[in-house]
Amino acid sequence: QNYLDNFWPDLEAAHELFDSILQARRERESESQENNGKEYPEHLPVEILEAGIKSGRYIQGTLNVNKHRAQLEAFVRLQGFGSKETG
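Computed from a predicted structure; not experimentally measured.

A. Region of the structure containing the overall build of the protein. Within the protein one finds three helices and two strands. Of the regular secondary structure in the protein, the N- to C-terminal order runs α-α-α-β-β. The burial tally for the protein puts 6% of its 87 residues in the buried class. Counted over contacts in the protein with a minimum sequence separation of 6, partners at least 24 positions apart contribute 0%. Taken as a whole, the protein presents about 8200 Å² of accessible surface, with 52% of it coming from carbon and sulfur.

Have a look at this one:
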C-alpha cells in the first residue's frame, strides 16, 4: 500500500488490484476462522466416518495423485490390502 501511495499515486488500476487482493485475503481469513483454521469444511463429522469405517460402509485409504497429470491420473490405495490392490 505504501509503495503504491508513494511511487504510483495516479495508477488507479494498481490501487484497485491491491484493494481486490486485500479484500480476498480478509474474506479467506474470516472463512478460516469460521472453519476453526481448517481450509475446507468437513463433509461428515469424524464420529460418523469412524463408525462407517468400522461397520464397513466406508473404506479408508490414501489418495495418490500423479503430479504431472493431476487432473487425469489418481488412485486410492486401500489400507489393509496388498500393495498391488487399489480401488
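B. Region of the structure containing a nonpolar patch on the surface. Residues Tyr3, Phe7, Trp8 and Leu11 make up a contiguous nonpolar surface patch of roughly 480 Å² in combined accessible area. Tracing the sequence through the fold places phenylalanine 7 in helix H1 (residues 2–7).

C. Representation of the confidence of the model for the protein. With 84% of its residues at a pLDDT of 70 or more, the protein has an overall mean of 85. Summarising per-element confidence for the protein, the mean pLDDT is lowest in helix H2 (residues 12–34) (88) and highest in H1 (94).

D. Geometry of the packing of aromatic side chains. The final tally for this structure, using the stated rule, is one aromatic pair. With centroids separated by 5.2 Å and ring planes inclined at 40°, the aromatic side chains of tyrosine 3 and phenylalanine 7 adopt a geometry described as tilted. Of this pair, tyrosine 3 and phenylalanine 7 are both found in helix H1, four residues apart, which corresponds to roughly one turn of the helix. Overall, the relative accessible area of 52% leaves tyrosine 3 in the exposed class. Residue classification places phenylalanine 7 among the exposed positions, given a relative accessible area of 58%.

E. Inspection of the pattern of salt bridges at higher detail. Counted according to the given criterion, the structure contains two salt bridges. For arginine 69, the salt bridge goes to glutamate 73, with nearest N and O atoms at 2.7 Å.

Rules of the game
Residues numbered from 1 in each chain as written. Predicted model: local features only at pLDDT ≥ 70, side-chain atom pairs only at ≥ 80, totals over all residues. Heavy atoms only, no water. Helix = DSSP H or I, 4+ residues; strand = E, 2+ residues; numbered from the N terminus. Buried < 20%, exposed > 50% of the residue type's maximum accessible area, 1.4 Å probe, protein only. Contact = heavy atoms within 4.5 Å. Areas by Shrake-Rupley, 256 points an atom, 1.4 Å probe, with all protein chains shown as cover. Patch = residues over 30% accessible without salt bridge, like charges linked within 9 Å, V, L, I, M, F, W, Y side chains within 5 Å. Salt bridge = Lys/Arg side-chain N within 4 Å of Asp/Glu carboxyl O. pLDDT = per-residue confidence, 0-100. Phe/Tyr/Trp six-rings, centres within 6.5 Å; stacked < 30°, edge-to-face > 60°.

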